[in-house]
Amino acid sequence: MPDPEASRWISTFLDARTAEMGAARNTQLAYGRDLSDFADWLTRRGKDFADAGRDAVEDYLVHCDAQGLSKATRARRLSAIRQLYRFAFEEGWRADNPALRLAGPGKSHSLPKTLDRDEVVRLIDAARTKGRTPADRLRNAALLELLYAAGLRVSELVSLPVVAVRGDPRMILVRGKGDKERMVPLSAPARAALSDWLSSRDAADEAGRKAGKTPSRFLFPGDGREGHMTRQHFHLMLKDIAVLAGLSPARVTPHVLRHAFATHLLAGGADLRVIQTLLGHADLATTEIYTHVLDDHLSKLVLTHHPLARKA
């Protein structure tokens, strides 16, 4: 079994991954087993997650190969290690990602799932109809507009303070992983949806004050201990909105909308470093994956629409 510190790294990483990406339970279990195996291997060599370098990761992959593990299993283990160290870097636990530049066994990485523009529009339109009350529907529309317009992580979205959007700002300050702050511009539709939600929210706050209730400091209040809507609540609500929009709920997560934000910006001609800043990525290499998504999209576009393209 991994030592307590390694177990803390693994559990914190997996919890964050579940909350932000809606990762499947089986995938989480596989990643947990992979990382525990790596931690045990490091322990036997007097190392741990905090001090292991690139050479240690390479040696571990050689060890996995010697065990006769398949390419798919080795690729998944490298992916788990790389993502753990990316998370550790963003959280400030490490100053580097020792697995960042390592090549996996063959083509092992998958491109991030995304949605096209029409599908995003359908989701936002569906959000306007989701909710028992007019206030719920206004809140849900604001959530979807803001998530797509700003490319926020779900944790950043649900914990946004209400003061961040007061005064109809063109840009908002977002506090991301590791308490890193960034400025993100808002689209006109997002600002309009936020204005409608604030009007409804402020009216409810005023009624609450008269009843002796203290208004929440969060843009999207919740009844839980944290005081704001939980990531889990939003994730489940988004699945319902996907169904209303006629989309498979398996294809729609908060992280998929973040991917859509990035790929649509890139397709529109935005500079990769600008997208890196907007997403709050510490390393440009993390953002570069979207160029592959765009390449794949353009290839399909040519094969589908070019008059001389061969039909399969």
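Residues numbered from 1 in each chain as written. Predicted model: local features only at pLDDT ≥ 70, side-chain atom pairs only at ≥ 80, totals over all residues. Heavy atoms only, no water.

Engineer: What am I meant to see in the packing of helix 3 (residues 54-66) against helix 4 (residues 71-91) here?
Structural biologist: For any two helices packed against each other, the geometry comes down to the angle between their axes and how far apart the axes lie. As a packed pair, helix 3 and helix 4 sit with axes 10 Å apart at the nearest point and diverge in direction by 160°. In terms of orientation, helix 3 and helix 4 fall into the roughly antiparallel class. Both helix 3 and helix 4 take part in a crossing whose hand is right-handed. Judged by residue contacts, V57, Y60, L61, C64 and D65 of helix 3 engage R74, R77, L78, I81 and Y85 from helix 4. Looking at side-chain class alone, the contact of helix 3 with helix 4 contains seven nonpolar, no polar and three charged residues. (Axes fitted to C-alpha atoms, helices over the stretch in contact; angles between N-to-C directions. Helix = DSSP H or I, 4+ residues; strand = E, 2+ residues; numbered from the N terminus. Parallel < 35°, antiparallel > 145°, perpendicular 65-115°, else oblique. Left-handed = near helix turned anticlockwise from the far one by under 90°. Contact = heavy atoms within 4.5 Å. Nonpolar A, V, L, I, M, F, W, Y, C, P; charged D, E, K, R; others polar.)

Engineer: So what exactly am I meant to see when it comes to the side chain of H264 here?
Structural biologist: Take H264: it is sitting in helix 10 (residues 254-267). Under the relative-accessibility criterion, H264 is labelled buried at 11%. At a separation of 2.7 Å, a polar atom in the side chain of H264 contacts the side chain of Y148. Apart from the residues within four sequence positions on either side, H264 is in contact with L115, D116, R117, V120 and Y148. (Buried < 20%, exposed > 50% of the residue type's maximum accessible area, 1.4 Å probe, protein only. Polar contact = N/O pair within 3.5 Å; in protein donor to acceptor, adjacent residues only side chain to side chain.)

Engineer: Looking at this model, I keep getting lost on the pairing of strand 2 (residues 181-185). Mind explaining?
Structural biologist: Where burial is concerned, the two faces of strand 2 differ: the one with R182 and V184 is buried and the one with E181, M183 and P185 is not. As paired strands, strand 1 (residues 171-175) and strand 2 are joined by five bridges and run antiparallel to one another. Counterpart to R175 in the pairing with strand 2 is E181. (Pairing = 2+ DSSP bridges.)

Engineer: Honestly, helix 8 (residues 188-210) in this entry has me stumped. Any pointers?
Structural biologist: Along an α-helix, a turn takes 3.6 residues, which lines up residues three or four apart on a common side. A rise of 1.5 Å per residue sets the reference length of helix 8, with its 23 residues, at 33 Å; its end C-alpha atoms lie 33 Å apart and thus fit the reference within 8%. Residues of helix 8 that are buried include every one of A190, R191, A193, L194, W197, L198, R201, D205 and G208, and no others. Buried residues along helix 8 sit against helix 6 (134-150). The first or second residue beyond helix 8 is G212, which carries a positive phi of 90°. (Expected span 1.5 Å × (residues − 1).)

Engineer: Whenever I open this one, unusual backbone geometry confuses me. Can you help?
Structural biologist: Backbone phi values are negative for most residues with the exception of glycine, while trans is the configuration of most peptide bonds. Despite not being glycine, D168 has its phi angle at roughly 50°, a positive value. Within the secondary structure, D168 sits in the loop between helix 7 (154-158) and strand 1.

Engineer: Help me understand the packing of aromatic side chains in this model?
Structural biologist: Geometrically, a pair of aromatic rings is defined through the distance of the ring centres and the angle of the planes. Going through the model one piece at a time under the given rule, you end up with 11 aromatic pairs. Residues F38 and F49 carry aromatic rings whose centres are separated by 5.9 Å and whose planes lie at 35° to one another, so their mutual orientation is tilted. With F38 in helix 2 (residues 25-44) and F49 in the loop between helix 2 and helix 3, the pair connects residues that are 11 residues apart, well separated along the chain. Per residue, the accessibility class of F38 equals that of F49, and both read buried. Feature note: the residues W9, F13, F38, W41, F49, Y60, Y85, F87 and W93 constitute an aromatic cluster, connected by ring pairs. The aromatic ring of W93 is capped on one face by R8, whose charged end is 4.9 Å from the ring centroid. (Phe/Tyr/Trp six-rings, centres within 6.5 Å; stacked < 30°, edge-to-face > 60°. Lys NZ or Arg CZ within 6 Å of the ring centre and 35° of its normal.)

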